[in-house]
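Given next are the chains, with one letter for each unit.
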Amino acid sequence: MRKPRNYKQAAKVAGADETVCSDILNRFAGIGAVEAVPGKRGFYRQTAVMKSIDIRPELAKVGKSPRTRGKAEPEMTKETVRILELDKAADFLDLEPSIRNDCFPPRKPYAKDVNYAYLTLEDFLRREAKVARGVVGVKLVGAAATKGLFNREVVAERDGLVSLFNGAFGWLRNPPAHSKRNTSKEEATKLILFADYLIKLVRKLKLENQAALDSAN
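Small disclaimer: the values here were computed from a predicted structure and weren't measured.

Colleague: A description of the overall build of the chain should follow, citing residues and the corresponding values.
Modeller: When you go through the chain residue by residue, the secondary structure sums to 12 helices and 2 strands. Listing the helices and strands of the chain from first to last along the sequence gives α-α-β-β-α-α-α-α-α-α-α-α-α-α. In the chain, buried positions account for 40% of the 217 residues. Once local pairs closer than 6 in sequence are excluded, the contacts in the chain between residues at least 24 apart make up 58%.

Colleague: A description of the environment of Ala 33 should follow, citing residues and the corresponding values.
Modeller: When you line up the elements, Ala 33 lands in the loop between α2 (18–30) and β1 (34–36). Assessed through its relative accessible area of 2%, Ala 33 is described here as buried. Ala 33 sits 14 residues away from Thr 47 along the chain, and the two C-alpha atoms are 5.7 Å apart.

Colleague: Requested: an account of the nonpolar core, with residues and values cited.
Modeller: Nonpolar side chains in soluble globular proteins generally cluster together in the buried interior. In this structure, Tyr 118, Leu 121, Leu 125, Leu 149, Phe 150 and Phe 165 are the most contacted members of the largest nonpolar core, which totals 35 residues. Put simply, the parts of the chain that give this core at least two residues each are α7 (97–103), α8 (110–129), α9 (137–146), α10 (155–178) and α11 (185–208). With 9 residues, the top contributor of residues to this core is α11.

Colleague: An account of the packing of aromatic side chains is requested, with residue identities and associated values reported.
Modeller: Counted by the stated rule, this structure contains 2 aromatic pairs. Measuring from ring centre to ring centre gives 5.2 Å for Phe 150 and Phe 165, while their planes differ by 35 degrees; the resulting arrangement is tilted. Within this pair, whereas Phe 150 is found in the loop between α9 and α10, its partner Phe 165 is found in helix α10, the two being separated by 15 residues in sequence. Here Phe 165 falls in the buried class, since its relative accessible area comes to 0%. Geometrically, the ring pair formed by Phe 194 and Tyr 197 is stacked, given 5.9 Å between the ring centres and 25 degrees between the ring planes. With Phe 194 and Tyr 197 both in helix α11, this residue pair falls 3 residues apart, about one helical turn.

The rules we used
- Residues numbered from 1 in each chain as written.
- Predicted model: local features only at pLDDT ≥ 70, side-chain atom pairs only at ≥ 80, totals over all residues.
- Heavy atoms only, no water.
- Helix = DSSP H or I, 4+ residues; strand = E, 2+ residues; numbered from the N terminus.
- Buried < 20%, exposed > 50% of the residue type's maximum accessible area, 1.4 Å probe, protein only.
- Contact = heavy atoms within 4.5 Å.
- Core = buried A, V, L, I, M, F, W, Y, C linked by side-chain atoms within 4.5 Å.
- Phe/Tyr/Trp six-rings, centres within 6.5 Å; stacked < 30°, edge-to-face > 60°.

Here is the structure:
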């Protein structure tokens, strides 16, 4: 994807299904591997970060160097093999230091790192909202809401934020914490990245609602 292409062109180059290529391009856009081309609807190209990665050493590691193959590979195949190695992805995902140092990329048992990521979120929310240590989970979310952390001009947006964090603790955090379950590396990665997003959201909300928090505390 060094050259701008839409999903149909990418599928033709790679010899792949158009629907699959469309889904892959959307996923790559979500992680910053490709970006939309201004003025060309539906066209994508590699981001500057991805262009800076030398793919040949990565191909050589798995014995797939283009120089050693008798048959030339499609251009898109060469550029996307092993494109998302999690250890390298951490370099440009701007992860919270506590997340990156302690639970990313996730390692077996993956549920353990998911649980730690949401404990990190819980501790961060408690400190930023200045809620007592013994208050946890959805009760912590309620206390933070009472103090004004989730204040919005539109009530539905405030309620949405409360529901978002309640869901994070009630559904995403609780199953790994309360029981042994099979969590795949892919699922763990997505859950940990979402916890990282929520930590950044708490920081943003605190800045926006600092006056309400100061009066509550």
